[in-house]
Amino acid sequence: MPMYQFSCRDCGQGFEKKLRMSQASANQICPDCGSVDTRKVFGAIAIGGGSQAMAALPPRPVSSPFS
């Protein structure tokens, strides 16, 4: 199951939840204040294998428009 990041609109705390894709769009309960006024936020994408997996990725080309 994918891990999703959420932010509470009442207390401002961020939290993560492992959910099915079908559950990810529903409001989640904030573990700090119990509010259901939460929103899904976009964070970094995890790549399995830790730092060794990142080291195996080829460097971006110098002329890349995304650098």
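Everything below is about the structure shown above.
The rules behind these values
- Residues numbered from 1 in each chain as written.
- Predicted model: local features only at pLDDT ≥ 70, side-chain atom pairs only at ≥ 80, totals over all residues.
- Heavy atoms only, no water.
- Helix = DSSP H or I, 4+ residues; strand = E, 2+ residues; numbered from the N terminus.
- Contact = heavy atoms within 4.5 Å.
- Areas by Shrake-Rupley, 256 points an atom, 1.4 Å probe, with all protein chains shown as cover.
- Disulfide = S-S within 2.5 Å.
- Buried < 20%, exposed > 50% of the residue type's maximum accessible area, 1.4 Å probe, protein only.
- Core = buried A, V, L, I, M, F, W, Y, C linked by side-chain atoms within 4.5 Å.
- Phe/Tyr/Trp six-rings, centres within 6.5 Å; stacked < 30°, edge-to-face > 60°.

Engineer: Describe in detail the overall build of the protein, supporting the description with residues and values.
Structural biologist: Across its full length, the protein holds one helix and three strands. In the protein, the succession of helices and strands from N to C terminus is β-β-β-α. Of the contacts made within the protein by residues no fewer than 6 positions apart, 28% connect residues no fewer than 24 positions apart. When the accessible surface of the protein is split by element, carbon and sulfur atoms take 56% of a total near 5500 Å².

Engineer: Give a description of the state of the cysteines that names residues and reports values.
Structural biologist: Where two cysteines share a covalent bond between their sulfur atoms, that bond is called a disulfide. Overall, the coordinates contain zero disulfides when judged by the stated rule. Counting only cysteine sulfurs, cysteine 30 is the nearest neighbor of cysteine 11, a cysteine outside any disulfide, at a range of 3.7 Å. What makes cysteine 11 partly exposed here is its relative accessible area of 37%.

Engineer: An account of the nonpolar core is needed here, citing residue identities and associated values.
Structural biologist: Grouped together as the largest cluster of nonpolar side chains are seven residues: Tyr4, Phe6, Cys8, Phe15, Leu19, Ala24 and Cys30. Of all the elements, strand β1 (residues 3-8) adds the most residues to this core, at three residues. Once residues within four sequence positions are removed from consideration, tyrosine 4 is found in contact with Phe15, Glu16, Lys17, Leu19, Arg20, Met21, Ala24 and Lys40.

Engineer: Account for the packing of aromatic side chains, with residues named and values stated.
Structural biologist: This structure, assessed with the given rule, holds one aromatic pair. Ring geometry for phenylalanine 6 and phenylalanine 15: centres 5.6 Å apart, planes at 20°, overall stacked. According to the relative accessible area criterion, phenylalanine 15 is buried, its value standing at 9%.

Engineer: Report on the environment of lysine 18, specifying residues and quantitative values.
Structural biologist: Within the secondary structure layout, lysine 18 lies in strand β2 (residues 14-18). Note on lysine 18: relative accessible area 52%, which makes it exposed. Placed 16 residues apart in sequence, lysine 18 and proline 2 show a C-alpha to C-alpha distance of 5.7 Å. If we skip the residues at most four places from it in the chain, lysine 18 touches Met1, Pro2 and Met3.

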